[in-house]
Amino acid sequence: MKPVHLSVNGESHHLPLTRHTTLLNALRNDLGLNGPKFGCGLGECGACTVLVDGVAARACVIPACEVQDRAITTLEGLGNAQHLHVVQQAFIDAQAAQCGYCLNGMVMMTVALLAHTPNPSDHQIRHALAGNLCRCGAHLEIMDAVRRAASLMANPA
């Protein structure tokens, strides 16, 4: 084990990790962050999505040592109960969650999408979220939430 420096949600952490420790395991087990979920463990379902330097990344397949000194943002780093991120609020307003397991990935992918495509078409939304699996069937509500977030970001109150 060697110390790995992670910058997570604006805070610096030095963690003794093996070179095989995934970013997801470091976030959940060492830092106690429960936003990113363990789904498939293969980077296929999107439940573990975080932002690394603003780009959506699958934390379950990234060794933590490979993202040292890069800005990592988890769901917890977007907002809090008193001040939600616009995307979080849009997902609540659109009732875009049922079981909530895919929600982390959907929100994080939406944040990444809207950062580079502020007014996405339905095709662009579907393409961006295609790798995030939702088994509950909240797809229409999720689409509505992404559209709502884009509108709120374009026209802040």
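Trainee: How would you explain helix 1 (residues 23–30) if you had to name every residue and give the values?
Mentor: Looking only at helix 1, the buried set comprises Leu23, Leu24, Ala26 and Leu27. Elements in contact with the buried residues of helix 1: strand 1 (2–8), strand 2 (11–17), strand 3 (49–52) and strand 5 (71–73). Gly32 occupies a position one or two residues after helix 1 and carries a positive phi of about 70 degrees.

Trainee: Tell me about the packing of helix 4 (residues 122–129) against helix 5 (residues 139–154), residues and numbers included.
Mentor: Packed helix pairs are specified by the crossing angle of their axes together with the interaxial distance, meaning the distance between the axes. Packing of helix 4 against helix 5 brings their axes to within 11 Å, and their N-to-C directions diverge by 115 degrees. If you check the angle between helix 4 and helix 5, you find them roughly perpendicular. Helix 4 and helix 5 meet at a crossing whose hand is right-handed. Here Asp122, Ile125, Arg126 and Leu129 of helix 4 come into contact with helix 5, specifically with Ile142, Met143, Val146 and Arg147. Of the residues assigned to the contact of helix 4 with helix 5, the class counts are five nonpolar, no polar and three charged.

Trainee: Provide a residue-level description of unusual backbone geometry, including the pertinent values.
Mentor: We note that Asn9 has phi near 55 degrees; this positive angle belongs to a residue other than glycine. Here Asn9 is to be found in the loop between strand 1 and strand 2. Although it is not a glycine, Asp69 adopts a positive phi angle of roughly 60 degrees. By secondary structure assignment, the location of Asp69 is in the loop between strand 4 (55–58) and strand 5. You can call Asp69 exposed: its relative accessible area is 57%.

Trainee: Report on the sheet that holds strand 2, specifying residues and quantitative values.
Mentor: Through backbone hydrogen bonds, the strands of a sheet pair up, either in parallel or in antiparallel fashion. Overall, mixed pairing links the five strands, which are arranged 2-1-5-3-4 in an open sheet. Edge positions in the open sheet fall to strand 2 and strand 4, since each of these has one partner strand only. Neighbour-to-neighbour, the strand axes of this sheet turn through a mean angle of 40 degrees, independent of strand direction. Along the sheet, helix 1 contacts strand 1, strand 2, strand 3 and strand 5; its crossing angle with strand 2, the most-contacted strand, is approximately 105 degrees. Here helix 3 (residues 103–116) sits on the sheet in contact with strand 3, strand 4 and strand 5, set at roughly 30 degrees to strand 3.

About the criteria used
- Residues numbered from 1 in each chain as written.
- Predicted model: local features only at pLDDT ≥ 70, side-chain atom pairs only at ≥ 80, totals over all residues.
- Heavy atoms only, no water.
- Buried < 20%, exposed > 50% of the residue type's maximum accessible area, 1.4 Å probe, protein only.
- Helix = DSSP H or I, 4+ residues; strand = E, 2+ residues; numbered from the N terminus.
- Contact = heavy atoms within 4.5 Å.
- Axes fitted to C-alpha atoms, helices over the stretch in contact; angles between N-to-C directions.
- Parallel < 35°, antiparallel > 145°, perpendicular 65-115°, else oblique.
- Left-handed = near helix turned anticlockwise from the far one by under 90°.
- Nonpolar A, V, L, I, M, F, W, Y, C, P; charged D, E, K, R; others polar.
- Pairing = 2+ DSSP bridges.

Treat this as a map of the structure, not an account of what it does.
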